[in-house]
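Here's the letter readout for the chains.
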Amino acid sequence: MASSAVNDESKTRITARSSLIDSIKGCGIKGVIIDKEELKQKILIPKYLRVAMCEAIQSKNSNIGAQKYDPDDDGENKVPEAPMVVFVNSKSGGRKGSALKQRLQELISQEQVFDLSVVKPPEFVRYGLACLESLASHGDHCAKETRDKLRIIVAGGDGTVGWVLGSLTELFRQNREPVPPTGIIPLGTGNDLSRSFSWGGSFPFAWKSAVKRTLNEAITARISRLDSWNVVVTMPAGDTVELPHCMSYKEDYTHDQDMEGLPEKTSCFEGVFYNYFSVGMDAQVAYGFHLLRNEKPYLAQGPIANKLIYSSYSCTQGWFCTPCVSTPNLRGLKNILRLYIKKMNCSEWEQVQIPSSVRSIVCLNLHNYGSGRNPWGKLKPKYLEKRGFVEAHADDGLLEIFGLKEGWHASFVMVELISAKHIAQVPQ
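The model shown is predicted, which means the values in this text are computed figures rather than measured ones. All residue numbers refer to positions counted from 1 along the written sequence of the respective chain. Residue-level local features of this predicted model are given only where pLDDT is at least 70; pairs of side-chain atoms are given and counted only at 80 or more, and the full residue set underlies all totals for whole chains, interfaces and linings. Side-chain calculation: all heavy atoms of the structure are included, whereas hydrogens and water are not.

### Considerations on the overall build of the protein chain
- Numbered from the N terminus, helices here are DSSP runs of H or I no shorter than four residues, and strands are runs of E no shorter than two. A count of helical and extended segments in the protein chain gives 14 helices and 15 strands.
- Relative to its full complement of 428 residues, the protein chain shows a buried share of 48%.
- Two residues qualify as a contact provided that any one of their heavy atoms is within 4.5 Å of a heavy atom in the partner residue. Considering only contacts in the protein chain between residues 6 or more positions apart, those separated by 24 or more positions represent 78%.
- Carbon and sulfur atoms provide 51% of the accessible area of the protein chain, an area that totals close to 22000 Å². Exposure is judged per residue with a 1.4 Å probe applied to protein chains only, and the accessible area is read against the type maximum: over 50% gives exposed, under 20% gives buried, and values in between give partly exposed. Note on areas: Shrake-Rupley, 1.4 Å probe, and residue coverage restricted to the protein chains presented here.

Set out below in structure tokens:
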């Protein structure tokens, strides 16, 4: 299944860029002057529709719009060129999220900008979009055209964008297409999803003018495709787990591969990822950083501060210097993990041997990893043919699986002096 993402037509080449260069470029102001009122006319949803959507979300009743609002009562019922809804993670962006939300409300309208701490993406899909669909089913042509042309902007990090995309995926399952294409205002630390579709790698210093440019680009941007991947995690039952937004409990799941060593009673969790999924040392560091940031939010002052904390935390977890102890998970994943894959046009699972030196395995869906790096590398045609690989793309239905050794190896990979340890390339 593919999820939609908006991409500027003039930026089809995907490259990995450093955060420093991105920040310096963000200081500049492009020569194109965007008129605020003209921009607003292109994206402003008719008042009766945006008020109806908000009422539907607040009351958790998608039919309230059809009951309370009449388009004849609103003189401004012309459908704009690109009706737009924006989700803002007000906690992201080094405490700039709240100011960004106010700026967006000035440029569009208060009803079209949703704070994710107040309105969750599933609620918008279940009630807000359903309200437009309900009005359209009652013969409201303005509501139907608005629903068909709707575009979404997400202001947040990769996790926030994935949360919104995962919620929109429900529209595929419920046959409620079209799925609104999604653009990004990068407010996170790595912003790899934003980089992959040329929305930028960091929140620019001249952000007030940059926000107008982003909204303007999203109006005429062409639609690109992005693969989504389903993940099922099985663990012993009874353990208390705080699930992220992208995962939920799953009942009665049966593995189609014999899983030795699992206890009789297990708990299963299901989720979707768009960037990458990792097991091992880097996942341990990322989880520790996540907990630290939640416990001490005052430390998260922005991408640069986050990366310094992340790097410092990785040094304390044995990523660069492994203690001489007998704990197997500190020596390599080969001792505690088995990897099975299904190759193209093959129904049988095949076990893949994990190199003894690998301490982290990453399943990569994008070109970018770890703030714009390309660990898979630009592989030569002869090597691709020898390994049975093809050139990687974000919409090719393939996952690139690679391994990282100790921190020094990962450091050389991150500065692109070498490529990561290629393990496999597998289809959906």
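### Observations regarding the nonpolar core
- Judged by nonpolar contacts, the single largest core of 66 residues is most densely connected at Leu100, Leu104, Phe124 and Leu215.
- Among all residues touching Leu104, those that are not within four sequence positions of it are Val86, Val88, Ser109, Val113, Ile185, Val211 and Leu215. Only buried residues count toward a nonpolar core. Its members are Ala, Val, Leu, Ile, Met, Phe, Trp, Tyr and Cys residues joined through side-chain atoms within 4.5 Å.

### What to know about the sheet that holds strand 5 (residues 182-186)
- Sheet architecture is open: four strands sit in the order 3-2-4-5, paired in parallel fashion. Of all strands in the sheet, those bounded by a partner on one side alone are strand 3 (113-115) and strand 5. Across the sheet, the axes of successive neighbouring strands diverge by a mean angle of 20 degrees, strand direction being ignored.
- The pairing criterion is simple: DSSP has to find at least two bridges between the two strands. Pairing geometry for strand 2 (residues 84-88) and strand 4 (residues 151-156), over five bridges, is parallel. Directly across from Val86, in strand 4, lies its bridge partner Ile153.
- Where helix 10 (residues 207-220) meets the sheet, its contacts fall on strand 2, strand 4 and strand 5, and the angle it forms with strand 4 comes to roughly 145 degrees. Only the contacting stretch of a helix is used when fitting its axis, a line to C-alpha atoms as for every element, and angles between N-to-C directions run 0 to 180 degrees.

### Here we look at the pattern of salt bridges
- Throughout this description, the term salt bridge denotes a Lys or Arg side-chain nitrogen within 4 Å of a carboxyl oxygen of Asp or Glu. On inspection of all chains with the given rule, the structure shows ten salt bridges.
- A salt bridge links Glu145 to Lys149; the nearest nitrogen and oxygen atoms lie 3.6 Å apart. With Glu145 and Lys149 both in helix 7 (residues 141-149) and four residues apart, this pair spans about one turn of that helix.
- The salt bridge partner of Lys343 is Glu350, with a shortest N-O separation of 3.6 Å.

### Things to note about the side chain of Lys212
- Within the secondary structure, Lys212 sits in helix 10.
- Think of it this way: Lys and Arg go in the positive column, Asp and Glu in the negative one, and His and the chain ends go nowhere. No salt bridge is formed by the buried Lys212; its nearest oppositely charged neighbour, Asp35, is found at 7.4 Å.
- For Lys212, the residues in contact, after removing those within four places along its chain, are Ile34, Leu39, Arg103 and Leu107.

### Some points on the packing of aromatic side chains
- Stacked, edge-to-face and tilted labels apply to pairs of Phe, Tyr and Trp rings (six-membered ring for Trp) whose centres lie within 6.5 Å, assigned for plane angles under 30 degrees, over 60, and everything in between, in that order. Taken as a whole and judged by the stated rule, the model has seven aromatic pairs.
- A centroid spacing of 5.3 Å and a plane angle of 45 degrees characterise the contact between Trp376 and Phe389, whose relative ring orientation is tilted. Taken as a pair, Trp376 in the loop between strand 13 (360-364) and helix 13 (381-387) and Phe389 in the loop between helix 13 and strand 14 (398-404) lie far apart in primary sequence, 13 residues in all.
- For Trp376, a relative accessible area of 4% puts it in the buried group.
- Owing to a relative accessible area of 9%, Phe389 belongs among the buried residues under this scheme.

### Comments concerning the sheet that holds strand 9 (residues 266-273)
- Taken together, the three strands give an open sheet; going across it, the order is 7-9-8, and neighbouring strands pair in antiparallel fashion. The outermost strands of the open sheet, each flanked by one partner alone, are strand 7 (229-236) and strand 8 (247-250). For this sheet, the mean angle separating the axes of adjacent strands, direction not counted, is 30 degrees.
- Judged from the four bridges that link them, strand 8 and strand 9 form a sheet pairing that is antiparallel. Bridge assignment links Met247 to a residue of strand 9, and that residue is Gly271.

### Details of the pairing of strand 13
- Burial analysis of strand 13 places five of its five residues in the buried class, the great majority of the element.
- Summarising the sheet, strand 10 (residues 276-280) and strand 13 pair through five bridges and their orientation is antiparallel. In the sheet register, Ser278 faces strand 13, and the bridge partner there is Val362.
- Bridging between strand 13 and strand 14 involves five bridges; their strand directions are antiparallel. In the sheet register, Ile361 faces strand 14, and the bridge partner there is Gly403.

### Observations regarding the environment of Ala99
- Looking at the element boundaries, Ala99 is found in helix 5 (residues 97-107).
- Taking C-alpha positions, Ala99 is 9.6 Å from Lys208, a pair spaced 109 residues apart along the chain.

### Notes on helix 10
- Expected span, for any helix, means 1.5 Å times one less than how many residues it has. The end-to-end C-alpha distance of helix 10, which contains 14 residues, comes to 21 Å, matching closely the 20 Å that a straight helix rising 1.5 Å per residue would cover.
- Among the 14 residues that make up helix 10, ten are buried, leaving the element largely enclosed by the rest of the structure.
- Listing the buried residues of helix 10 in full gives Trp207, Ala210, Val211, Lys212, Arg213, Thr214, Leu215, Glu217, Ala218 and Ile219.
- Where helix 10 is buried, its residues touch helix 2 (36-43), strand 2, helix 5, strand 4 and strand 5.

### Overview of the packing of helix 6 (residues 121-137) against helix 7
- Running from N to C, helix 6 and helix 7 cross one another at 140 degrees; their axes reach a closest spacing of 7 Å. It follows that helix 6 is oblique to helix 7 by the angle criterion. Classified by chirality, the crossing of helix 7 by helix 6 is left-handed. On helix 7, the residues that touch Leu129, Leu132, Glu133, Leu135 and Ala136 of helix 6 are Ala143, Lys144, Thr146 and Arg147.
- Under the grouping applied here, Gly and all other residues not named as nonpolar or charged are polar, the nonpolar ones being Ala, Val, Leu, Ile, Met, Phe, Trp, Tyr, Cys and Pro and the charged ones Asp, Glu, Lys and Arg. Of the residues that constitute the contact of helix 6 with helix 7, the class distribution is five nonpolar, one polar and three charged. Roughly parallel refers to an angle under 35 degrees, roughly antiparallel to one over 145, roughly perpendicular to one between 65 and 115, and oblique to any angle outside these ranges. By definition, any crossing whose near helix is turned counterclockwise from its far helix by less than a right angle is left-handed, and any crossing with a clockwise turn is right-handed.

### Side note on unusual backbone geometry
- Each neighbour pair has its own omega, and for Glu177 with Pro178 the value is 10 degrees, a cis peptide bond.
- One non-glycine residue, Lys60, lies in positive phi territory at about 55 degrees.
- Examined against the element boundaries, Lys60 turns out to sit in the loop between helix 3 (47-59) and helix 4 (64-68).
- Look at Lys60 and you get partly exposed, because its relative accessible area is 46%.
- The phi dihedral of Ser198 falls on the positive side, at around 60 degrees, and the residue is not glycine.
- Mapped onto the fold, Ser198 is located in the loop between helix 9 (192-196) and helix 10.

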